[in-house]
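Summary of the model geometry
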Amino acid sequence: METTVLELTPELEIELEPKNYPYTREDVPLGSYQAKLDFMLWSKSGLTINCFFTLPDLGKKISLPVYRKAANQGKYLAGEFEVRYLPFGTLLVLTVEANELGKPILAAMLIKKPQS
């Protein structure tokens, strides 16, 4: 299975505008909420995937990192969920918590089931 994470190029930066997705504790709400995955970019080091979301209920955009975890065979996990292969546009339920420094982290993620 091929990853959907993109490499940031100058052209892609202009097209996707990642700077419009804040990531600070003042901008990223804590708790569980719905989000649509807009796109994902590799960090410069390659050790992090930066995920870019739109929050439809709040009408805002945010960014959250997912780190590679050596204890999990080098997978990029949000809770138990491997993020590298998610298609853009996927509707999710995010659980965001604060780390020991008070910065928001993506603690878990689930694919949102369509309502029947």
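Look above for the structure.
Residues numbered from 1 in each chain as written. Predicted model: local features only at pLDDT ≥ 70, side-chain atom pairs only at ≥ 80, totals over all residues. Heavy atoms only, no water.

Check the secondary structure of the protein and you find one helix and seven strands. When the helices and strands of the protein are placed in sequence order, the string is α-β-β-β-β-β-β-β. Relative to the 2.2 N^0.38 estimate, which gives 13 Å for 116 residues, the radius of gyration of the protein is 14 Å and therefore close to what a compact globule would have. Taking all 116 residues of the protein together, the buried fraction comes to 34%. With an accessible surface of roughly 7,200 Å², the protein has 55% of that area assigned to carbon and sulfur atoms. (Helix = DSSP H or I, 4+ residues; strand = E, 2+ residues; numbered from the N terminus. Rg over C-alpha atoms; globule rule 2.2 N^0.38 Å. Buried < 20%, exposed > 50% of the residue type's maximum accessible area, 1.4 Å probe, protein only. Areas by Shrake-Rupley, 256 points an atom, 1.4 Å probe, with all protein chains shown as cover.)

Another point: the nonpolar core. F53, L94, L106 and M109 are the most contacted members of the largest nonpolar core, which has 23 residues in total. At the level of elements, β1 (31-42), β2 (48-55), β3 (60-69), β4 (75-78), β6 (91-98) and β7 (104-111) are the ones that each hand at least two residues to this core. L16, F39, L41 and F52 belong to the second-largest nonpolar core, a separate cluster that totals six residues. (Core = buried A, V, L, I, M, F, W, Y, C linked by side-chain atoms within 4.5 Å.)

Strand order in the open sheet made by the seven strands is β5-β4-β3-β2-β1-β6-β7, with antiparallel pairing throughout. A single partner strand is all that each edge strand has here, and the edge strands are β5 (81-82) and β7. The pairing of β2 with β3 spans eight bridges and is classified as antiparallel. Bridging across to β3, L55 finds its partner in K60. (Pairing = 2+ DSSP bridges.)

With that settled, consider the pairing of β7. Both β6 and β7 contribute to a ladder of seven bridges, which runs antiparallel. Bridge pairing links L94 to M109 in β7. The antiparallel hairpin formed by β6 and β7 contains five residues in its connecting segment, where G102 sits at a positive phi of about 85°.

Tallied over the full model, the rule gives four aromatic pairs. Relative to F52, the ring of F39 lies with its centre 4.4 Å away and its plane at 15°, an arrangement referred to as stacked. Highlighted residues: F39 in strand β1 and F52 in strand β2, separated in sequence by 13 residues. Judged by relative accessible area, which is 3%, F39 ranks as buried. The class for F52 is buried, based on a relative accessible area of 5%. (Phe/Tyr/Trp six-rings, centres within 6.5 Å; stacked < 30°, edge-to-face > 60°.)

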